[in-house]
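As a plain string of letters, each chain reads:
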Amino acid sequence: MNESNARTRPRWCSRCGARARVIENPYYGVGLAVHRYLTGCTRCGFVEFLPTVRAPRAESQPIASADDASRAARLQGAVRGWATKSRVSLFVLGGLIAVTAGVAAFALTR
Ligand SMILES: [Zn+2]
(Lines give C-alpha, C1' and ligand atoms only; values in the text may rest on other atoms or scores of the structure.)
Protein backbone atom coordinates (compact mmCIF):
# COMPACT_ATOMS: atom_id res chain seq x y z
CA MET A 1 0.00 0.00 0.00
CA ASN A 2 1.57 3.29 -1.02
CA GLU A 3 1.02 6.80 0.31
CA SER A 4 -1.62 7.91 -2.23
CA ASN A 5 -3.54 4.67 -1.81
CA ALA A 6 -3.59 5.12 1.98
CA ARG A 7 -4.98 8.58 1.50
CA THR A 8 -7.61 8.02 -1.18
CA ARG A 9 -8.94 4.65 -0.07
CA PRO A 10 -12.45 4.97 1.38
CA ARG A 11 -12.52 4.88 5.17
CA TRP A 12 -15.31 4.09 7.52
CA CYS A 13 -15.81 5.21 11.10
CA SER A 14 -14.97 2.45 13.56
CA ARG A 15 -17.49 3.84 16.01
CA CYS A 16 -20.63 4.39 13.94
CA GLY A 17 -19.76 2.94 10.52
CA ALA A 18 -20.37 6.13 8.55
CA ARG A 19 -18.00 7.43 5.92
CA ALA A 20 -14.84 8.99 7.33
CA ARG A 21 -12.62 11.46 5.52
CA VAL A 22 -8.85 11.43 5.64
CA ILE A 23 -7.23 14.56 7.06
CA GLU A 24 -3.56 15.41 7.14
CA ASN A 25 -2.30 15.43 10.73
CA PRO A 26 -1.28 19.06 11.43
CA TYR A 27 1.10 17.86 14.15
CA TYR A 28 2.83 15.27 12.03
CA GLY A 29 6.60 15.43 12.57
CA VAL A 30 6.24 17.55 15.72
CA GLY A 31 7.33 15.89 18.93
CA LEU A 32 6.24 12.29 18.94
CA ALA A 33 3.50 12.60 16.31
CA VAL A 34 4.22 9.76 13.90
CA HIS A 35 0.84 9.48 12.16
CA ARG A 36 0.72 11.43 8.93
CA TYR A 37 -3.03 11.18 8.46
CA LEU A 38 -6.12 11.11 10.63
CA THR A 39 -9.62 10.01 9.78
CA GLY A 40 -12.56 12.12 10.85
CA CYS A 41 -16.08 10.71 10.82
CA THR A 42 -18.55 12.74 8.81
CA ARG A 43 -21.44 11.73 11.06
CA CYS A 44 -20.25 11.47 14.68
CA GLY A 45 -16.97 13.38 14.43
CA PHE A 46 -14.88 10.52 15.80
CA VAL A 47 -11.20 11.06 14.96
CA GLU A 48 -8.69 8.25 14.65
CA PHE A 49 -5.08 7.89 13.62
CA LEU A 50 -4.57 6.28 10.28
CA PRO A 51 -2.04 3.48 10.77
CA THR A 52 1.26 4.71 9.43
CA VAL A 53 2.75 2.75 6.59
CA ARG A 54 6.43 2.29 7.27
CA ALA A 55 7.95 3.66 4.11
CA PRO A 56 11.23 2.16 3.03
CA ARG A 57 13.99 4.66 3.81
CA ALA A 58 12.96 6.92 0.90
CA GLU A 59 11.30 9.66 2.93
CA SER A 60 13.88 11.42 5.01
CA GLN A 61 11.66 13.79 7.00
CA PRO A 62 9.66 11.31 9.09
CA ILE A 63 12.68 9.12 9.73
CA ALA A 64 14.70 12.11 10.89
CA SER A 65 11.93 13.23 13.24
CA ALA A 66 11.59 9.70 14.59
CA ASP A 67 15.33 9.68 15.26
CA ASP A 68 15.04 13.05 17.01
CA ALA A 69 12.20 11.74 19.12
CA SER A 70 14.08 8.62 20.14
CA ARG A 71 17.18 10.69 20.87
CA ALA A 72 15.13 13.02 23.08
CA ALA A 73 13.57 10.03 24.83
CA ARG A 74 16.99 8.48 25.39
CA LEU A 75 18.35 11.75 26.79
CA GLN A 76 15.33 12.08 29.06
CA GLY A 77 15.83 8.51 30.27
CA ALA A 78 19.52 9.12 30.89
CA VAL A 79 18.81 12.27 32.91
CA ARG A 80 16.12 10.46 34.90
CA GLY A 81 18.46 7.53 35.54
CA TRP A 82 21.23 9.83 36.68
CA ALA A 83 18.87 11.73 39.01
CA THR A 84 17.62 8.45 40.47
CA LYS A 85 21.13 7.07 40.98
CA SER A 86 22.48 10.24 42.56
CA ARG A 87 19.40 11.05 44.61
CA VAL A 88 21.34 10.79 47.90
CA SER A 89 24.17 13.03 46.72
CA LEU A 90 21.68 15.54 45.33
CA PHE A 91 19.92 15.52 48.70
CA VAL A 92 23.23 16.07 50.56
CA LEU A 93 24.20 18.83 48.11
CA GLY A 94 20.84 20.55 48.65
CA GLY A 95 21.29 20.29 52.41
CA LEU A 96 24.79 21.77 52.24
CA ILE A 97 23.54 24.67 50.11
CA ALA A 98 20.72 25.30 52.59
CA VAL A 99 23.10 25.22 55.59
CA THR A 100 25.59 27.50 53.82
CA ALA A 101 22.85 29.98 52.95
CA GLY A 102 21.60 29.84 56.53
CA VAL A 103 25.04 30.48 57.99
CA ALA A 104 25.66 33.32 55.53
CA ALA A 105 22.31 34.89 56.38
CA PHE A 106 23.05 34.52 60.09
CA ALA A 107 26.49 36.11 59.72
CA LEU A 108 25.14 38.99 57.65
CA THR A 109 22.32 39.81 60.04
CA ARG A 110 24.51 39.91 63.15
ZN1 LIG B 1 -18.74 7.94 13.27
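What comes next concerns the included structure. Position numbers for residues count from 1 along each chain, tracking the sequence in the order it is written. In keeping with the predicted nature of the model, local features appear solely for residues at pLDDT of at least 70, side-chain atom pairs appear and are counted solely at 80 or more, and the whole-chain, interface and lining totals rest on all residues.

## What to know about the overall build of the protein
The condition is simple: Helix and strand labels come from DSSP, where a helix needs a run of H or I of at least four residues and a strand needs a run of E of at least two; each type is numbered from the N terminus. Whether a residue is buried, exposed or partly exposed follows from its count of other C-beta atoms within 10 Å of its own C-beta, namely 20 or more, 12 or fewer, or something in between, respectively; the C-beta atoms are built from the backbone.
Check the secondary structure of the protein and you find 3 helices and 4 strands. When the elements of the protein are put in sequence order from the N terminus, they spell out α-β-β-β-β-α-α. By residue count, 3% of the 110 residues in the protein fall in the buried class.

## Here we look at the sheet that holds strand β4 (residues 47–49)
Applicable threshold: Pairing between strands requires that DSSP locate at least two bridges from one strand to the other.
With antiparallel pairing, 4 strands are arranged side by side in an open sheet as β1-β2-β3-β4. This sheet does not close on itself; its edge strands, each paired only once, are β1 (11–12) and β4. As defined by bridge partners, β1 adjoins strand β2 (residues 19–24) across 2 bridges and the pair is classed as antiparallel. Across the sheet, the residue bridging to W12 is R19, located in β2.

## Description of the environment of G17
As for its position among the elements, G17 is in the loop between β1 and β2. With 11 C-beta atoms packed within 10 Å, G17 lands in the exposed category. Considered as a pair, G17 and C44 are 27 residues apart in the sequence and their alpha carbons are 9.5 Å apart.

## Section: the pairing of β2
What sits between the antiparallel neighbours β1 and β2 is a turn of 6 residues, in which G17 has the positive phi angle 85 degrees. Judged from the 5 bridges that link them, β2 and strand β3 (residues 37–41) form a sheet pairing that is antiparallel. Looking across to β3, one finds that V22 is bridged to T39.

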